[in-house]
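# Breakdown of the fold
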Amino acid sequence: GIEFAVADLSLAEAGRKQLRLAEVEMPGLMALRREYADSQPLKGARVAGSLHMTVQTAVLIETLVALGAEVRWVSCNIFSTQDEAAAAVVVGPNGTVEQPSGSPVFAWKGETLAEYWWCTDQLFDFGDGRLPNMILDDGGDATLLIHKGVEFEAAGAVPQATEEDPEEYHLVLETLRESLGRDTSRFTRIAKEVRGVTEETTNGVKRLYKLAKEGELLFPAMNVNDSVTKSKFDNKYGIRHSLIDGLNRGTDVMIAGKVAVVCGYGDVGKGAVESLRGQGARVVVTEIDPICALQAAMEGLDVVELDDVVERGDIFITTTGNFDIIMADQMAKMKHNAIVANVGHFDNEIDMAGLAKIPGIQKIEIKPQVHEWVFPATADREAHSIIVLSEGRLMNLGNATGHPSFVMSNSFTNQTIAQIELFTKQGEYTTDVHVLPKHLDEKVARLHLDALGVRLTKLTKRQAEYIGVDVEGPYKLDHYRY
Ligand SMILES: NC(=O)c1ccc[n+]([C@@H]2O[C@H](COP(=O)([O-])OP(=O)(O)OC[C@H]3O[C@@H](n4cnc5c(N)ncnc54)[C@H](O)[C@@H]3O)[C@@H](O)[C@H]2O)c1
Ligand SMILES: COc1cccc(Nc2cc(C)nc([C@@H]3CCN(C(=O)c4nonc4N)C3)c2)c1
């Protein structure tokens, strides 16, 4: 039978219904299932995946299986599992709760960190001594376990963590110590078996480039994040869709007419501005980068310093990927019931620690993920409040439901094509970090056009020659900025 560790298998039926809806909104993945139904390019692939165990990811998993792969899965985030999606994957399209016939999943919403690393360790045993030969990663935790495992197997022991190591690193070492106790060459064998890893996000990609630079990368890696059809969608269109979704679900405030301050005007900031402008907000931005600031000005946006507008703004959104963007003393000056939220980096763009330390501050939960922070009266101002969403964490996840399926279809079509590339073209990809060739990035876009009723114009041969491209593409140079 199928091994698994999920919250509740009986949620499978509900999950299956959501999966069927998501399939219609994920045309790229469904097109790949049709294109490769006969050739089964992933036959023989044993894919160990660590990526948010959501309804959208379930469609990715069943696409990999439809192309011939055997798959084991965990979530890459202790809160992002949708339990009904995990259950649906285990039961599978043709199974039952009593007789699950899907794929092994080890993930549930609200895992402890110790449970998280136990789950990740379950990825690497496909039964009868069989090991993974492909890794699909988001944030690099599966890749980390393999690399650290190989390092410590070679050393013959796992070192003790020191007190300056974060608590999580203690858990990683504990997990590896147990593994070494069971088998002194497990990760060394896995590393030999793995043909490559495909990495979903910026942070995971940064870790891969670091490993490659230090000459420690053990197998070829595909940087899926930097496909144009992944990061533009994730960062710009995903946020444009879900920013007002989170604002509306959280506050129901009328956005029209309000002054909205967007900190950062990169891909996410551009999506955030469009989202708010679409609702009639009067948007201003802050930036450190003169090119992005000039772009904003060209779009008719005021570019200001935060302190210029901290008393005038109604809605403040951080998108910088940096930290200490909105500080407690600035929040103290805001209008009564100004809204503050983050869609950028984890939880340190907004100074929540500083806010909590203000003498006499009061935190009132209005509803889950929506808090009113009440500043006590001072000599020159009566008591007043601000509204903070998702406690300063990613509010499109805390107050809304993450990216819509169509956005994830673009990301995951890149993932699937990248898996096929590394699995079927061993030797063509060196042990380094690669990006998908542009014609495959363009293929991802092509696979999403029919669903939108887009009709592409065809180049004539002479036109193609005139601009120096092939009729079938690629249509741009590698460094072209879309
Ligand atoms: N919430 C989500 O679903 C989601 C989705 C995608 C990306 N992200 C995150 O959003 C962040 C931004 O992503 P991106 O692709 O837009 O990056 P980006 O580099 O394109 O944009 C960030 C911008 O912020 C600017 N910036 C940096 N420090 C600043 C400061 N102190 N004040 C003002 N501006 C500053 C930079 O100049 C840059 O233009 C990243 O942390 C990314 O992981 C979140
Ligand atoms: C509460 O709602 C959800 C729903 C889904 C995931 C999450 N949790 C995170 C946490 C972190 C740190 N990052 C992400 C990124 C940004 C948006 N993402 C997706 O939407 C997504 N990814 O896989 N399927 C998807 N759907 C991936 C999502 C929260």
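Before going into details, it helps to say that this report is about the structure given with it. Keep in mind that what you see is a predicted model, and the values were worked out from it rather than measured.

Before going further, it helps to spend a moment on the packing of aromatic side chains. Per the stated rule, a full pass over the model turns up five aromatic pairs. Between the aromatic rings of Tyr 116 and Trp 117, the centroid separation amounts to 5.2 Å while the plane-to-plane angle is 85 degrees, which identifies the pairing as edge-to-face. For the residue pair Tyr 116 and Trp 117, the accessibility class agrees, reading buried in each case. Ring centres 5.6 Å apart and planes at 75 degrees place the aromatic pair Phe 124 and Phe 187 in the edge-to-face group. Of this pair, Phe 124 sits in the loop between helix 5 (113–121) and strand 4 (134–137) while Phe 187 sits in helix 8 (residues 186–193), placing them 63 residues apart in sequence. One residue, Arg 72, lies across the ring of Phe 126, its end atom 5.7 Å from the ring centre. Here the guanidinium or amino end of Lys 476 rests over the ring plane of Tyr 480, the centre of that ring lying 5.0 Å away.

What follows covers the pattern of salt bridges. Per the counting criterion, the structure on display carries 24 salt bridges. For Glu 3, the salt bridge identified is with Arg 72, shortest N-O distance 2.9 Å. You can see Glu 3 sitting in the segment before helix 1 (12–24) and its partner Arg 72 sitting in strand 2 (residues 70–74), a full 69 residues away along the chain. The buried category is assigned to Arg 72, whose relative accessible area is 4%. A salt bridge links Lys 236 to Glu 274; the shortest N-O distance between them is 3.5 Å. Remark: Glu 274 occurs in helix 11 (residues 267–277) and Lys 236 occurs in helix 10 (residues 228–251); sequence separation between them is 38 residues. Look at Lys 236 and you get buried, because its relative accessible area is 19%.

To continue, consider the nonpolar core. Among the nonpolar cores identified, the biggest contains 52 residues, and Leu 42, Val 47, Met 53, Leu 64, Trp 73 and Val 105 are the most heavily contacted of them. Counting residues per element, the ones that place at least two in this core are helix 1, helix 2 (27–35), helix 3 (55–66), strand 2, helix 4 (83–91), strand 4, helix 17 (405–424) and helix 18 (438–446). The greatest single-element share of this core, amounting to eight residues, is contributed by helix 17. Setting aside anything within four residues of it in sequence, one finds Met 53 in contact with Ala 58, Ile 61, Trp 73, Ser 75, Ser 80, Thr 81, Gln 82, Ala 85, Ala 86, Val 89, Val 105 and Ala 107. Residues Cys 119, Ala 142, Leu 173 and Val 433 belong to the second largest nonpolar core, which totals 37 residues.

The subject of this paragraph is the pairing of strand 2. Counting buried residues along strand 2, four of its five residues qualify, which places the element largely inside the surrounding structure. Sheet topology places strand 1 (residues 46–50) next to strand 2; five bridges connect them, and they run parallel. Bridge pairing in strand 2 links Gly 49 to Trp 73. Handedness of the crossover joining strand 1 and strand 2 through helix 3 is recorded here as right-handed. Pairing geometry for strand 2 and strand 3 (residues 105–106), over two bridges, is parallel. The partner of Trp 73 across the bridge, within strand 3, is Val 105. Regarding topology, helix 4 serves as the crossover connection from strand 2 to the parallel strand 3, and that connection is right-handed.

A few words on a negative patch on the surface. There is a patch of like negative charges on the surface, built from Glu 305, Asp 307, Asp 308, Glu 311 and Asp 329. Inspection of the secondary structure puts Asp 307 in helix 13 (residues 306–309). Residue classification places Asp 307 among the partly exposed residues on the basis of a relative accessible area of 49%.

Before going further, it helps to examine the sheet that holds strand 2. Within a sheet, each strand pairs with its neighbour through backbone hydrogen bonds, oriented either parallel or antiparallel. The seven strands are arranged 3-2-1-4-5-6-15 in an open sheet whose pairing can be described as parallel. The outermost strands of the open sheet, each flanked by one partner alone, are strand 3 and strand 15 (433–434). Relative to strand 4, helix 6 (residues 141–155) is tilted by about 130 degrees, and along the sheet it contacts strand 1, strand 4 and strand 5 (197–199).

Time to look at the site of ligand 2. If you check the shell around ligand 2, you find 14 residues, and the closest are Thr 54, Gln 56, Ser 80, Leu 397 and His 403. One nitrogen or oxygen atom from the side chain of Gln 56 is found 2.9 Å from a nitrogen atom belonging to ligand 2. Starting from 560 Å² of accessible surface for ligand 2 in isolation, the protein chains cover 83%. When contributions to the shell around ligand 2 are tallied by element, the ones reaching two or more residues are helix 3 and helix 17. The residue inventory of the shell around ligand 2, partitioned by class, reads five nonpolar, nine polar and no charged.

With that out of the way, let us pick up the pairing of strand 7 (residues 259–263). Of all the five residues making up strand 7, five are buried; the element is thus mostly covered by neighbouring parts of the structure. The pairing of strand 7 with strand 8 (residues 282–286) spans five bridges and is parallel. Looking at the pairing, Val 261 lines up with Val 284 of strand 8. At this point the chain moves from strand 7, through helix 11, to the parallel strand 8, and the crossover so formed is right-handed. Relative to strand 10 (residues 315–318), strand 7 runs parallel, the two sharing four bridges. Bridge pairing in strand 10 places Ala 260 opposite Ile 315.

Parameters and conventions
- Residues numbered from 1 in each chain as written.
- Chains lettered and ligands numbered in written order.
- Predicted model: local features only at pLDDT ≥ 70, side-chain atom pairs only at ≥ 80, totals over all residues.
- Heavy atoms only, no water.
- Phe/Tyr/Trp six-rings, centres within 6.5 Å; stacked < 30°, edge-to-face > 60°.
- Buried < 20%, exposed > 50% of the residue type's maximum accessible area, 1.4 Å probe, protein only.
- Helix = DSSP H or I, 4+ residues; strand = E, 2+ residues; numbered from the N terminus.
- Lys NZ or Arg CZ within 6 Å of the ring centre and 35° of its normal.
- Salt bridge = Lys/Arg side-chain N within 4 Å of Asp/Glu carboxyl O.
- Core = buried A, V, L, I, M, F, W, Y, C linked by side-chain atoms within 4.5 Å.
- Contact = heavy atoms within 4.5 Å.
- Pairing = 2+ DSSP bridges.
- Right-handed = clockwise from strand over helix to strand, strands pointing away.
- Patch = residues over 30% accessible without salt bridge, like charges linked within 9 Å, V, L, I, M, F, W, Y side chains within 5 Å.
- Areas by Shrake-Rupley, 256 points an atom, 1.4 Å probe, with all protein chains shown as cover.
- Lys, Arg positive; Asp, Glu negative; His and termini not counted.
- Charge placed at Lys NZ, Arg CZ, Asp CG, Glu CD.
- Axes fitted to C-alpha atoms, helices over the stretch in contact; angles between N-to-C directions.
- Near = heavy atom within 4 Å.
- Polar contact = N/O pair within 3.5 Å; in protein donor to acceptor, adjacent residues only side chain to side chain.
- Nonpolar A, V, L, I, M, F, W, Y, C, P; charged D, E, K, R; others polar.

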